[in-house]
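Read off the chains here:
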Amino acid sequence: MIRSITLFILMVISIAGQSQRSSLHQTINSSLSLAAEQYVILDHLLADSLFPRNIGKEEKLVTNKSGWWTSGFFPASLWYLYEYTQDPVLKDIATRKSKMVEREKLNTSDHDIGFKIYCPFGNQLHITSDSSTVPIIITAAQSLCKRFDPKVGLIRSWGSIQDTKDYVVIIDNMMNLELLFAATRLTGDSSYYKVAVSQADKTIDNHFRPDGSSYHVLDYDPATGAVRKKRTAQGFADESAWARGQAWGLYGYTVCYRETRDKRYLQQAQKIAAFMLKHQNMPADKIPYWDFNAPNIPNALRDASAAAIMASALLELSGYVNKKERKSYITTATTIITTLSDTTYRTKMNEKSNFLLKHSVGHLPANSEVDTPLSYADYYYLEAMLRWKKLNPKK
Ligand code: GLY
């Protein structure tokens, strides 16, 4: 009797799980199809050399040129939408917009070349196998390595390579290492890989607090490589946990584990995930406040970009951990995607110039890009949905 009741309960749970999955399949498919239409229209609003950045005053579309750190996300998103739809129109736009970012492969003025070049051209390579992307990726990796000083053992995030006074490294830099791992794979030259590993190791040594949260900015002494100061730029306070910074770290160490199979990187990613998932200020819908220690929680702004990055990272990380953690990561990512796909966050056709997500926070202390769509929130939302579909193939 007890056995049959247990079996019945398990059956009900399994049917409920299946129907929840099937409903999210439908939500994701509708969101992706709508996104494809929206991005074609958004492209029509843009001059060839411009990229969507955010929505500014009076609901106006704000754009940027290829030099701004986010320029690669629009073409990279278009590649994902081409992957999903196989629509040649999207392929044409993705190709054209990627070409407009290509010149950034030589830009050594900051560390963001990974975002700018590897997001679009890495996607183009994976989705179309177009080998013309390979030299672009390699040149970009060479440019990024020009910002690496072996004495410090880190890539300089901000500031000129010639600067002898300051050497600034931010947690976001973890996101640029995927470009270096790719360059080693494509060339067989391990020097890129070694730079990435050095960056990942030093960041574990210096950037994290015992609870698994990270500082945003570290100031190093360029002469000795010693840490001078740990602080924030975009977070609430030096000792707070800026939400997107935590998400960059989570994603970055997940990639480092994928590329090296070094367990220390897996453990670091798990530690960051535990910090975020178990935090008392993590809301039930799993869209983090812009800073875990923002002063006016629960009335603080949420950051959809941090949520989208986190969902995508957790879905990949779920493939590297035990069953219990896998379930927790997938459940959280599923909640994030479900929340972001609902009308509070997801735009309707022609809303917000056809960005996909509302309510991200760029740089609150500078009162810049506050509670607005951002191209990278869209990009990681698309990536998370595609990853979710791959993890949950329709039977
Ligand atoms: N990498 C800059 C930012 O996350 O705002």
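Only a predicted model underlies this, so the values are computations on that prediction, with no experimental measurement involved.

Draft legend 1. Fine view of unusual backbone geometry. A cis amide bond links Ile-297 with the next residue in sequence, Pro-298, at an omega value of 15 degrees. Within the element layout of this structure, Pro-298 appears in the loop between helix H9 (263-277) and helix H10 (304-317). Unlike most non-glycine residues, Lys-286 shows phi in positive territory, near 70 degrees. Structurally, Lys-286 is set in the loop between H9 and H10. If you check the backbone angles, Asn-354 has positive phi at about 75 degrees while not being a glycine. One can find Asn-354 in the loop between helix H11 (323-340) and strand S8 (360-363).

Draft legend 2. Region of the structure containing the site of the ligand. Inspection of the region around the ligand gives Trp-69, Asp-172, Gln-234, Trp-242, Arg-244, Trp-248 and Tyr-376 as its neighbouring residues. The contact in question runs from an oxygen atom of the ligand to an N or O atom on the side chain of Gln-234, over 2.7 Å. Residue Arg-244 places a side-chain N or O atom 2.6 Å away from an oxygen atom belonging to the ligand. In isolation the ligand exposes 200 Å². Once the protein is present, 92% of that is buried. Of the residues contributing to the shell around the ligand, the split by class is 4 nonpolar, 1 polar and 2 charged.

Draft legend 3. How the structure looks around helix H5 (residues 134-145). Its 12 residues place the ends of H5 17 Å apart at the C-alpha level, agreeing with the 16 Å of an ideal helix rising 1.5 Å per residue. By the criterion of burial, H5 is predominantly enclosed, with 10 of the 12 residues buried. The complete set of buried residues in H5 reads Val-134, Ile-136, Ile-137, Ile-138, Thr-139, Ala-140, Ala-141, Ser-143, Leu-144 and Cys-145. Buried residues in H5 make contact with helix H4 (113-128), strand S3 (148-149), strand S4 (154-155), helix H6 (177-187) and helix H7 (191-207).

Draft legend 4. Representation of the pattern of salt bridges within the structure. According to the stated counting rule, one finds 25 salt bridges in the structure shown. One salt bridge connects Arg-209 with Glu-239, and the closest N-O pair in it is separated by 3.3 Å. Here Arg-209, found in the loop between H7 and strand S6 (217-220), pairs with Glu-239, found in the loop between strand S7 (227-231) and helix H8 (243-260); they are 30 residues apart in sequence, far enough to count as distant. On the accessibility criterion, Arg-209 (10% relative accessible area) is buried. Between Glu-316 and Arg-258 there is a salt bridge; the shortest N-O distance is 2.8 Å. Of this pair, Glu-316 sits in helix H10 while Arg-258 is found in helix H8, placing the two residues 58 residues apart along the sequence. Among the charged side chains, a network of salt bridges with common partners joins Glu-178, Arg-185, Arg-258, Glu-259, Glu-316, Glu-383 and Arg-387.

Draft legend 5. Representation of the environment of Tyr-193. Tracing the backbone through its elements, the reader meets Tyr-193 in helix H7. Residue contacts for Tyr-193: discarding those within four places in its chain leaves Leu-180, Phe-181, Thr-184, Glu-259 and Thr-260.

Draft legend 6. Quick peek at the side chain of Gln-268. Topologically, Gln-268 is positioned in helix H9. Residue contacts for Gln-268: discarding those within four places in its chain leaves Ile-204, Phe-208 and Tyr-253.

What counts, and where the lines are drawn
Counting of residues starts from 1 at the beginning of each chain's written sequence and follows it residue by residue. Reporting of local features is limited, given that this is a predicted model, to residues whose pLDDT is at least 70; pairs of side-chain atoms are given and counted only at 80 or more, and all residues count toward the totals for whole chains, interfaces and linings. Only hydrogens and water are set aside; all other atoms, that is, all heavy atoms of the structure, feed into the side-chain values. The way it works is that DSSP assigns letters per residue, a run of H or I at least four long becomes a helix, a run of E at least two long becomes a strand, and they are numbered from the N terminus. One heavy atom within 4 Å of a molecule or strand makes the whole residue count as near it. We define a polar contact as two N or O atoms separated by no more than 3.5 Å, with the added condition that, inside protein, one atom must be a possible hydrogen donor and the other a possible acceptor, whereas residues neighbouring each other in sequence contribute only through side-chain atom pairs. A 1.4 Å probe and the Shrake-Rupley method give the accessible areas. Residues count as covered only by the protein chains that appear here. Think of it as three bins: nonpolar holds Ala, Val, Leu, Ile, Met, Phe, Trp, Tyr, Cys and Pro, charged holds Asp, Glu, Lys and Arg, and polar takes everything else, Gly as well. In a helix, the anticipated span is given by 1.5 Å times the number of residues less one. Buried, partly exposed and exposed residues are distinguished by accessible area as a fraction of the type maximum, computed with a 1.4 Å probe on protein chains only: under 20%, between the cut-offs, and over 50%, respectively. A contact between two residues is defined here by any heavy atoms of the two lying within 4.5 Å. The salt bridge definition used is simple: a Lys or Arg side-chain nitrogen within 4 Å of an Asp or Glu carboxyl oxygen.

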